[in-house]
Amino acid sequence: METVGRSKLKVLCTAIAGIVLLILGILASISVGAADIDASMVLKSFFDADSSKEQTIIRTLRLPRALVGALVGANLAVAGALMQAITRNSLASPQVFGVNAGASFFIVSAFVFFPNLSSVSLVCVAFIGAAMGGMAVYSFASGGGMSQVKLALAGMAVHFFLSSLTQGMIIFSEQAKDVLYWLVGSINGKTWAHVNMILPWSLFGLLAAAMFSRSVSILVLGENMAQGLGQRVYRIRILAGILVIILAGSSVAVAGPVGFVGLIIPHIVRRLVGGDYRRIIPFSALFGALLLVYADILARFIAYPFESPVGIVTAMIGAPFFLYLAKRGRNIKQ
């Protein structure tokens, strides 16, 4: 009983610390930039809005940017957690398994051939691309028996192939040149239109993943065990895959292929709260939002006063982490 009590206390403290850090990160994201804004002005903008220059910047630029960062981070982290569960592969993430690259390729293709697509249509295009990228990886890796290494190699091969096609399209098409900055992964310049674009998909995907978390926890125990406990393994994998497409696709449509969030965060969360996906899913959302908000703040100082894409920071953190996991070759802790 004492051990259970300590575990619950640790989870509660982790949740409180994460929420506090996220709130502080959002406030810092609103304050820091080419035009520094005092913390008192940030707080005033929430309770006593006026038409000053600072509050206009906060309301129209800084706040929606911070919210988009939090939503994209939460989406990608939960998508990564689901992918690691259904594939039982510690290297799985939307970036590594070609989901982001597929969505990016289809979005850039849409910019070239259908430049007047609405935001809703663009998100749907991203969903199709994410699904195609993931299916390509799965089909290549499944031949002759699937393994963690084969999935990772197939994922990186598809990722680099689709990325090269995307970059080639940008080079040879005038319409696509404007998306080069977006292609690195950026939340700079996001507005309330982008918040409205991603918010419905994020709410649906994150809530559905949380409701689905018990079945995912059972699936991680193994197919035979899950079937013995009455779970429909095939249906669980299909539904989890759909949620990955929704979460990753909507994020790529808004912020570009931000990498490694879905790889890093689930591993950190499992260390903090254990292997139960009823905890991993909500904590992945919280810490994914936390990572991307702070990464975006750091990105502003790389070439200050100019803005840098947040994808640079996540790649700097995630690439060594990926190599560490590949070297260790560890399975998901259960």
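Residues numbered from 1 in each chain as written. Predicted model: local features only at pLDDT ≥ 70, side-chain atom pairs only at ≥ 80, totals over all residues. Heavy atoms only, no water.

Participant: I would appreciate a short explanation of the confidence of the model for the chain in the present structure.
Facilitator: Low pLDDT marks regions whose predicted coordinates should not be analysed in detail. Of all residues in the chain, 92% attain a pLDDT of 70 or more, and the chain-wide mean is 85. Scored below 50 in pLDDT, residues 330-334 makes 20 contacts in the model with residues more than four places away or belonging to other chains. (pLDDT = per-residue confidence, 0-100. Contact = heavy atoms within 4.5 Å.)

Participant: Sorry, what's going on with the pattern of salt bridges here?
Facilitator: Once their charged atoms are close, side chains differing in charge can pair, the charge on each being opposite to the other. Overall, the coordinates contain three salt bridges when judged by the stated rule. Its salt-bridge partner being Asp276, residue Arg278 comes within 2.9 Å of it at the nearest N-O pair. Note on Asp276: relative accessible area 26%, which makes it partly exposed. Among the salt bridges present, the one from Asp296 reaches Arg300, with a minimum N-O distance of 2.8 Å. With relative accessibility at 1%, the residue Asp296 sits in the buried group. (Salt bridge = Lys/Arg side-chain N within 4 Å of Asp/Glu carboxyl O. Buried < 20%, exposed > 50% of the residue type's maximum accessible area, 1.4 Å probe, protein only.)

Participant: What's the story with helix H3 (residues 53-87) in this structure? I'm lost.
Facilitator: Structural remark: α-helix, 3.6 residues per turn; residues separated by three or four positions point the same way. The terminal C-alpha atoms of H3, which comprises 35 residues, lie 50 Å apart, in line with the 51 Å expected from a rise of 1.5 Å per residue. Maximum bend of H3: about 40°, positioned at Arg59. Of all 35 residues in H3, 27 are buried; the element is thus mostly enclosed. In the stretch just after H3, Arg88 is the one whose phi turns positive, near 50°. (Helix = DSSP H or I, 4+ residues; strand = E, 2+ residues; numbered from the N terminus. Expected span 1.5 Å × (residues − 1). Bend = angle between axes of the 7 residues up to and from the residue.)

Participant: For this particular structure, what's the right way to read the packing of aromatic side chains?
Facilitator: Two aromatic rings, taken as a pair, are described by how far apart their centres are and by the angle between their planes. With the rule as written, the count across this model stands at three aromatic pairs. Geometrically, the ring pair formed by Phe105 and Phe106 is edge-to-face, given 5.9 Å between the ring centres and 80° between the ring planes. Aromatic pair Phe127 and Trp201: ring centres 4.8 Å apart, planes at 85°, arrangement edge-to-face. Of this pair, Phe127 sits in helix H5 (residues 119-142) while Trp201 sits in helix H8 (residues 192-211), and the two are 74 residues apart along the sequence. The exposure class assigned to Phe127 is buried, which follows from its relative accessible area of 13%. Owing to a relative accessible area of 27%, Trp201 belongs among the partly exposed residues under this scheme. (Phe/Tyr/Trp six-rings, centres within 6.5 Å; stacked < 30°, edge-to-face > 60°.)

Participant: What exactly am I supposed to notice about the environment of Ile128 here?
Facilitator: Within the secondary structure, Ile128 is located in helix H5. Its relative accessible area of 46% is what places Ile128 among the partly exposed residues. Remark: the alpha-carbon pair of Ile128 and Val99, spanning 29 residues in sequence, is separated by 9.9 Å.

Participant: Mind showing me how you'd approach H5 here?
Facilitator: Its 24 residues give H5 an end-to-end C-alpha distance of 35 Å, which sits within 8% of 34 Å, the value for a rise of 1.5 Å per residue. The complete set of buried residues in H5 reads Leu122, Val123, Val125, Ala126, Phe127, Gly129, Ala130, Ala131, Gly133, Val137 and Ala141.

Participant: Sorry, what's going on with the nonpolar core here?
Facilitator: Note that soluble globular proteins tend to have their nonpolar side chains buried in a common cluster. Formed by 107 residues in total, the largest nonpolar core has its most connected members in Val78, Leu82, Val261 and Tyr277. Per-element accounting of this core gives the leading share, 18 residues, to H3. Filtering out sequence-adjacent residues up to four positions away, Val261 remains in contact with Gly73, Leu76, Ala77, Pro266, Gly288, Leu291, Leu292 and Thr314. (Core = buried A, V, L, I, M, F, W, Y, C linked by side-chain atoms within 4.5 Å.)

Participant: So what exactly am I meant to see when it comes to the side chain of Thr14 here?
Facilitator: Following the sequence through the fold, Thr14 ends up in helix H1 (residues 2-31). Ignoring anything within four residues of it in the chain, the contact list for Thr14 reads Leu272, Val273, Phe283 and Phe287.

Participant: It is not clear to me how a nonpolar patch on the surface should be interpreted in this structure. Could you clarify?
Facilitator: On the surface, a nonpolar cluster with roughly 620 Å² of combined accessible area is contributed by Leu9, Leu12, Ile16, Val20, Leu21, Leu24 and Tyr294. Among the elements that take part in the nonpolar patch, H1 stands out by supplying six residues, more than any other. In this fold, Leu21 is placed in helix H1. A residue is classified by how much of its surface remains accessible, and Leu21, at 40% relative accessible area, is partly exposed. (Patch = residues over 30% accessible without salt bridge, like charges linked within 9 Å, V, L, I, M, F, W, Y side chains within 5 Å. Areas by Shrake-Rupley, 256 points an atom, 1.4 Å probe, with all protein chains shown as cover.)

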